[in-house]
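# A closer look at the structure
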Amino acid sequence: QVQLVESGGGLVQPGGSLRLSCAASGSILSINAMGWYRQAPGKQRELVAVIISGISTNYADSVKGRFTISRDNAKNTMYLQMNSLKPEDTAVYYCRLNGLSGTGTPLVSWGQGTQVTVSS
């Protein structure tokens, strides 16, 4: 069984910064990709950023230049540094992992989500 635990969310003023963390634990053979998604009230969940094989990154146009995704392979932990936050960044942020379980079967796991609220 694999667990993803997010942390770092909270209330911040417009223009401020937050750093989200997602720690993966359990029976994981390998990680192909990890990503951050968000879901605002009344909206569909959307991809924010993804890091593939711990190296290649992609971002939603709305966060390019403001958010940075990274991963500490030794700790199986992913981060999202969010700068210049805007009210429209308010959402529940989820992390997702794609890889192989300890038994070699395909693995997709989601975290429980962490709330980010950008408001003055």
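Cut-off values and rules
Residues numbered from 1 in each chain as written. Predicted model: local features only at pLDDT ≥ 70, side-chain atom pairs only at ≥ 80, totals over all residues. Heavy atoms only, no water. Pairing = 2+ DSSP bridges. Helix = DSSP H or I, 4+ residues; strand = E, 2+ residues; numbered from the N terminus. Axes fitted to C-alpha atoms, helices over the stretch in contact; angles between N-to-C directions. Disulfide = S-S within 2.5 Å. Buried < 20%, exposed > 50% of the residue type's maximum accessible area, 1.4 Å probe, protein only. Salt bridge = Lys/Arg side-chain N within 4 Å of Asp/Glu carboxyl O. Contact = heavy atoms within 4.5 Å.

## Things to note about the sheet that holds strand β8 (residues 77–82)
Strand order in the open sheet made by the 4 strands is β1-β3-β8-β7, with antiparallel pairing throughout. Each edge of the open sheet carries a strand with a single partner, namely β1 (2–7) and β7 (67–72). Each strand of the sheet is rotated relative to its neighbour by a mean of 15°, with strand direction disregarded. Here β1 runs beside strand β3 (residues 18–26); their pairing, made up of 6 bridges, is antiparallel. Directly across from Leu 4, in β3, lies its bridge partner Ala 24.

## Some details on the state of the cysteines
A complete count under the given rule lists 1 disulfide for this structure. Here Cys 22 is linked by a disulfide to Cys 95, with a sulfur-sulfur distance of 2.1 Å. Residues Cys 22 and Cys 95 are joined through a disulfide that is right-handed, its torsion about the S-S bond being 60°. Of this pair, Cys 22 sits in strand β3 while Cys 95 sits in strand β9 (residues 91–101); the two residues are 73 residues apart in sequence, bridging distant segments of the chain. Each of the two residues, Cys 22 as well as Cys 95, counts as buried.

## Thoughts on the pattern of salt bridges
Under the criterion given, the structure shown has 4 salt bridges. Where Arg 66 meets Asp 89, a salt bridge forms, and the shortest distance between an N and an O atom there is 2.8 Å. Here Arg 66, found in the loop between β6 (56–59) and β7, pairs with Asp 89, found in the loop between β8 and β9; they are 23 residues apart in sequence, far enough to count as distant. Residue Arg 66 shares its accessibility class with Asp 89, and that shared class is buried. Linked through salt bridges whose partners overlap, the residues forming this network are Arg 38, Glu 46, Arg 66 and Asp 89.

## A few points about the side chain of Arg 66
Judged by relative accessible area, Arg 66 falls into the buried class, the value being 11%. With residues up to four places along the chain from it excluded, the contact list for Arg 66 reads Gln 81, Met 82, Asn 83, Ser 84, Leu 85, Lys 86 and Asp 89.

## Here we look at the pairing of β6
Here strand β5 (residues 46–52) pairs with β6 via 4 bridges, running antiparallel. Note that in β6 the partner of Ala 49 across the bridge is Tyr 59. Counting the residues between successive antiparallel strands, the hairpin from β5 to β6 contains 3 residues, one of them, Ser 53, with a positive phi of roughly 55°.

## As for the environment of Leu 80
Its location among the elements puts Leu 80 in strand β8. In the structure, Leu 80 is positioned 33 residues away from Leu 47 in sequence and 13 Å away in space, judged by C-alpha atoms. Excluding residues within four positions of it along the chain, Leu 80 makes contact with Leu 18, Arg 19, Leu 20, Trp 36, Val 48, Ala 49, Phe 67, Thr 68, Ile 69 and Tyr 93.

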